[in-house]
Amino acid sequence: NTALEKLAAARDADDHGSIFLLEKNLAFNLGGHINHSLFWKNLAPSSQGGGQLDSGELRSAIERDFGGVDEMKQKFNAALAGIQGSGWGWLGYNAQNGRLDIVTTANQDPLTTHTPLIGIDAWEHAFYLQYKNDKATYFKNIWNVINFEEAEKRLVAAKQ
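Residues numbered from 1 in each chain as written. Predicted model: local features only at pLDDT ≥ 70, side-chain atom pairs only at ≥ 80, totals over all residues. Heavy atoms only, no water.

Draft legend 1. Highlighting the sheet that holds strand 1 (residues 87-94). Spatial strand order, 2-1-3: 3 strands in an open sheet with antiparallel pairing. Here the strands that pair on one side only, and so sit at the sheet edges, are strand 2 (99-106) and strand 3 (115-121). Going from strand to strand, the sheet's axes swing by 25° on average, the running direction of each strand aside. As paired strands, strand 1 and strand 3 are joined by 6 bridges and run antiparallel to one another. Opposite Gly89, over in strand 3, you have Ile120 as the bridge partner. Across the sheet, helix 2 (residues 16-41) lies against strand 1 and strand 3, angled at about 90° from strand 3, the strand it touches most. Packing of helix 7 (residues 148-159) onto the sheet brings it into contact with strand 1, strand 2 and strand 3, and relative to strand 3 it is tilted by some 150°. (Pairing = 2+ DSSP bridges. Helix = DSSP H or I, 4+ residues; strand = E, 2+ residues; numbered from the N terminus. Axes fitted to C-alpha atoms, helices over the stretch in contact; angles between N-to-C directions. Contact = heavy atoms within 4.5 Å.)

Draft legend 2. The arrangement of the pairing of strand 1 in detail. Among the 8 residues that make up strand 1, 8 are buried, leaving the element largely enclosed by the rest of the structure. Neither face of strand 1 is exposed, since Gly87, Gly89, Leu91 and Tyr93 on one face and Trp88, Trp90, Gly92 and Asn94 on the opposite face are all buried. Pairing analysis gives 8 bridges linking strand 1 to strand 2, with the strands arranged antiparallel. In the strand pairing of strand 2, Gly87 is matched with Ala106. Remark: 4 residues form the turn of the hairpin made by strand 1 and strand 2, two consecutive strands paired antiparallel; Gly98 in that turn has positive phi of roughly 70°. (Buried < 20%, exposed > 50% of the residue type's maximum accessible area, 1.4 Å probe, protein only.)

Draft legend 3. Representation of the packing of aromatic side chains. This structure, assessed with the given rule, holds 7 aromatic pairs. Measuring from ring centre to ring centre gives 5.6 Å for Trp88 and Trp90, while their planes differ by 20°; the resulting arrangement is stacked. Accessibility expressed as a relative area gives 0% for Trp88, which makes it buried. In this structure Trp90 comes out as buried when scored by relative accessible area, which is 1%. Between Trp143 and Phe148, the ring centres sit 6.2 Å apart and the planes meet at 15°, which makes this aromatic pair stacked. Of the two residues examined, Trp143 and Phe148, each falls in the buried class. Each member of the aromatic cluster is reached from another via a ring pair, and the members are Phe39, Trp40, Trp88 and Trp90. (Phe/Tyr/Trp six-rings, centres within 6.5 Å; stacked < 30°, edge-to-face > 60°.)

What follows is the structure, encoded as structure tokens:
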């Protein structure tokens, strides 16, 4: 709220430098909130279905667009590994062509080109305590707790 007040004051004063910095700061923090809000819903312990992808629209779309679930995971993990610095990997629904795509975003930038179905945090804070510098194992193991049921709900809603 303070940042929004400062932004309004900077706009009133026509202070372009302050406007730029405040907008950048707000975008970073809002993006982090949006991404993490989605991320937490994307996770479920295996006892509650985490890691299990049943038959349905999501599985069918993954098989159509990637050749199978394992192939999608390999492509997704390769995209995650290619992020320089911090960022996010996304399985997104492309409303333009009705297909699923794997997309990465830098820093806390949210996915704006697609409807996000699954988001994986590739920031160091997401894996370091458990995996240290072994990002590849984190990327491999995160699939064991992905809430595919939630992702399927997002896909169905996006297609309506």
